[in-house]
Amino acid sequence: MSSALTDLCRYPIVQAPMAGGASSPQLVAAVSEAGGLGFLAAGYKTADGMYEEIKQLRGLTSRPFGVNLFMPQPGNADPASIEVYRHQLAGEADWYQTPLGEPDNGADDGYEAKLAILIDDPVPVVSFTFGCPTRSVLDAFAKAGTVTIVTVTTPEEAQAAQWSGADAVCVQGIEAGGHQGTHRDDPQSDGNGIGLLSLVTQVRETVQLPIVAAGGLMRGAQIAAVLALGAEAAQLGTSFLVCPESGANALHKQAMTNPLFVRTELTRAFSGRPARGLVNRFMREHGPYAPAAYPQVHHITAGLRKAAAKSGDAQGMALWAGQGHRLAREMPAGQLVEVLAAEIDAARATLALGAGS
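Fair warning: this is a prediction, and the values are worked out from it, not measured in the lab. (Residues numbered from 1 in each chain as written. Predicted model: local features only at pLDDT ≥ 70, side-chain atom pairs only at ≥ 80, totals over all residues. Heavy atoms only, no water.)

Novice: Just to check I follow, could you spell out the pattern of salt bridges for this structure?
Specialist: Opposite charge on two side chains makes pairing possible when the charged atoms of those side chains draw close. Throughout the structure, instances matching the rule amount to 11 salt bridges. Note that Asp-139 and Arg-135 form a salt bridge whose closest N and O atoms lie 3.9 Å from each other. Here Asp-139 pairs with Arg-135, and both are found in helix H7 (residues 135-144), just 4 residues apart, close to one helical turn. Judged by its relative accessible area of 33%, Asp-139 falls in the partly exposed class. Residue Arg-135 is classed as partly exposed on the basis of its relative accessible area of 42%. (Salt bridge = Lys/Arg side-chain N within 4 Å of Asp/Glu carboxyl O. Helix = DSSP H or I, 4+ residues; strand = E, 2+ residues; numbered from the N terminus. Buried < 20%, exposed > 50% of the residue type's maximum accessible area, 1.4 Å probe, protein only.)

Shown next as structure tokens:
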């Protein structure tokens, strides 16, 4: 592993930051303690809420960990299309007996306040999703001794991260669960993302930054494959979502391997931005009509999703999942890190035997 990442973890295994509750301090601590790199998700939290989780995590582990921030979003969503979608969701509000949320509930996710906390009281790693910070922000983190990682989905975004002074890039393939971390939300590009193996190779040949590969990875052999392509580490979300330390809803965890949910799709139905999840009723009925309006749609549907979870209805929840969800293994996070590490070693040994024959 590269010098920027070498000292952070014993194994090249990163637990993805999963906004919405899955990335609990308990999960992050368990992963870091086992030799991986755990990540808190600051998305959808207040700056104070983020800081409280950091303090809780520091009480659970002295190992390095990361915090992920959402970049502020441009306020260019079409108000008329948002209103049309609100009207379409009126039946859902009646069904779940809960009001729709207000779309204009903030588009910056408390970004500046979170930056101030993380620069004043530094953590080992900070990563960014939905865009690339300015050079001044990344320079401030460098002075604070924090490693910075920018999520990218194209070689061009990786170039932007390199120009801005990022220490590494998290290369996210189309297979990844949850939101696609594109820097621009362009509806014309929906479904045109690049697969992870091709994307890692393209980014490797475009920039000189260390790569953390993400997207559909569930087994150590897959991790070994992206390492062989030049990645420094692999980031896994869906694998860790089903661990007992994960804060994900029990219905969400069960759905990963429930034969009722046979496939995943990218949808704007729940948040207004493309995100991969298990196909359920809500996605089928509303996905084709959801506007490109993030985080406005997220705010509108937040109450519906909570009500669906409370009533035990997985058909109304955002069941974020990568394409490898059927390979999920329910075991403690620390044990999963050890199993993945052993699988990486076995895959490398097999490759070495093949090369020597």
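Novice: I tried to follow the sheet that holds strand E3 (residues 65-70) on my own but got confused; where do I start?
Specialist: Where strands meet in a sheet, backbone hydrogen bonds hold them as pairs that are either parallel or antiparallel. Across the sheet, which stays open at both edges, the 8 strands sit in the order E1-E9-E8-E6-E5-E4-E3-E2 with parallel pairing between neighbours. Strand pairing shows two members of the sheet lacking a second neighbour, strand E1 (13-15) and strand E2 (38-41), which therefore form its edges. Across the sheet, the axes of successive neighbouring strands diverge by a mean angle of 25°, strand direction being ignored. Of the strands in this sheet, E1, E2 and E3 are in contact with helix H2 (residues 25-33), which crosses E2 at around 160°. With respect to the sheet, helix H6 (residues 111-120) is in contact with E3 and strand E4 (125-129), its orientation differing from that of E3 by roughly 155°. (Pairing = 2+ DSSP bridges. Axes fitted to C-alpha atoms, helices over the stretch in contact; angles between N-to-C directions. Contact = heavy atoms within 4.5 Å.)

Novice: Looking at this structure, I do not really get the packing of helix H3 (residues 47-58) against H6. What am I missing?
Specialist: Think of two packed helices as two axes; the pair is described by the angle between the axes and how far apart they sit. Running from N to C, H3 and H6 point in directions that differ by 30°, and their axes come no closer than 9 Å. Classified by the interaxial angle, the pair formed by H3 and H6 is roughly parallel. Helix-helix and strand crossings are classified by hand; for H3 and H6 the assignment is right-handed. Packed against H3, whose contacting residues are Ala-47, Met-50, Tyr-51 and Ile-54, the element H6 presents Ala-113, Lys-114, Ile-117 and Leu-118 at the interface. For the contact of H3 with H6, the per-class residue count stands at 7 nonpolar, no polar and 1 charged. (Parallel < 35°, antiparallel > 145°, perpendicular 65-115°, else oblique. Left-handed = near helix turned anticlockwise from the far one by under 90°. Nonpolar A, V, L, I, M, F, W, Y, C, P; charged D, E, K, R; others polar.)

Novice: What am I meant to see in the packing of aromatic side chains here?
Specialist: For any two aromatic rings, the description comes down to two numbers: the centre-to-centre distance and the angle of the planes. One pass over the full model with this rule turns up 6 aromatic pairs. Residues Tyr-44 and Phe-70 carry aromatic rings whose centres are separated by 5.3 Å and whose planes lie at 80° to one another, so their mutual orientation is edge-to-face. With Tyr-44 in the loop between E2 and H3 and Phe-70 in strand E3, this residue pair connects regions lying 26 residues apart in the sequence. Overall, Phe-70 belongs to the buried group, its relative accessible area being 9%. Arranged with centres 4.8 Å apart and planes meeting at 45°, the rings of Phe-70 and Phe-130 form a pair that is tilted. With Phe-70 in strand E3 and Phe-130 in the loop between E4 and H7, this residue pair connects regions lying 60 residues apart in the sequence. Put simply, the rings of Tyr-44, Phe-70, Phe-130 and Tyr-294 touch in pairs and so form one group of aromatic residues. (Phe/Tyr/Trp six-rings, centres within 6.5 Å; stacked < 30°, edge-to-face > 60°.)

Novice: How should I be thinking about the environment of Gly-110 in this particular structure?
Specialist: Relative to the helices and strands, Gly-110 resides in the loop between helix H5 (90-96) and H6. Considered as a pair, Gly-110 and Ile-344 are 234 residues apart in the sequence and their alpha carbons are 38 Å apart.

Novice: Please clarify how the nonpolar core should be interpreted in this entry.
Specialist: In globular proteins that are soluble, nonpolar side chains generally tend to be buried together. The biggest cluster of nonpolar side chains holds 102 residues, and the ones touching the most others in it are Val-67, Leu-69, Phe-128 and Phe-240. Among the elements that take part in this core, helix H15 (residues 333-356) stands out by supplying 7 residues, more than any other. Membership of the second largest hydrophobic core comes to 14 residues, among which are Val-147, Ala-168, Cys-170 and Ala-233. (Core = buried A, V, L, I, M, F, W, Y, C linked by side-chain atoms within 4.5 Å.)

Novice: What's the story with the packing of H2 against H3 in this structure? I'm lost.
Specialist: In the contact formed by H2 and H3, the axes pass within 9 Å of each other and the chain directions differ by 40°. By the angle class used here, H2 and H3 are oblique. Seen along the crossing, H2 lies across H3 with a hand that is right-handed. Residue-level inspection shows Pro-25, Gln-26, Val-28 and Ala-29 of H2 in contact with H3, the latter providing Glu-53, Gln-56 and Leu-57. Across the contact of H2 with H3, the residue classes tally to 4 nonpolar, 2 polar and 1 charged.

Novice: I keep staring at the environment of Leu-197 and nothing clicks. Help me out?
Specialist: Mapped onto the fold, Leu-197 is located in helix H9 (residues 196-204). Leu-197 sits 28 residues away from Ala-225 along the chain, and the two C-alpha atoms are 8.5 Å apart. The contacts of Leu-197, once residues within four sequence positions are left out, are Val-226 and Leu-229.

Novice: Explain unusual backbone geometry here, please?
Specialist: What you tend to see is this: most non-glycine residues have negative phi, and most peptide bonds are trans. The peptide bond linking Tyr-294 to Pro-295 adopts the cis configuration, its omega dihedral lying at 5°. Mapping Pro-295 onto the fold places it in the loop between helix H13 (281-286) and helix H14 (296-310). We note that Asp-109 has phi near 55°; this positive angle belongs to a residue other than glycine. Position of Asp-109 relative to the elements: it lies in the loop between H5 and H6. One non-glycine residue, Phe-130, lies in positive phi territory at about 75°. Owing to a relative accessible area of 3%, Phe-130 belongs among the buried residues under this scheme.

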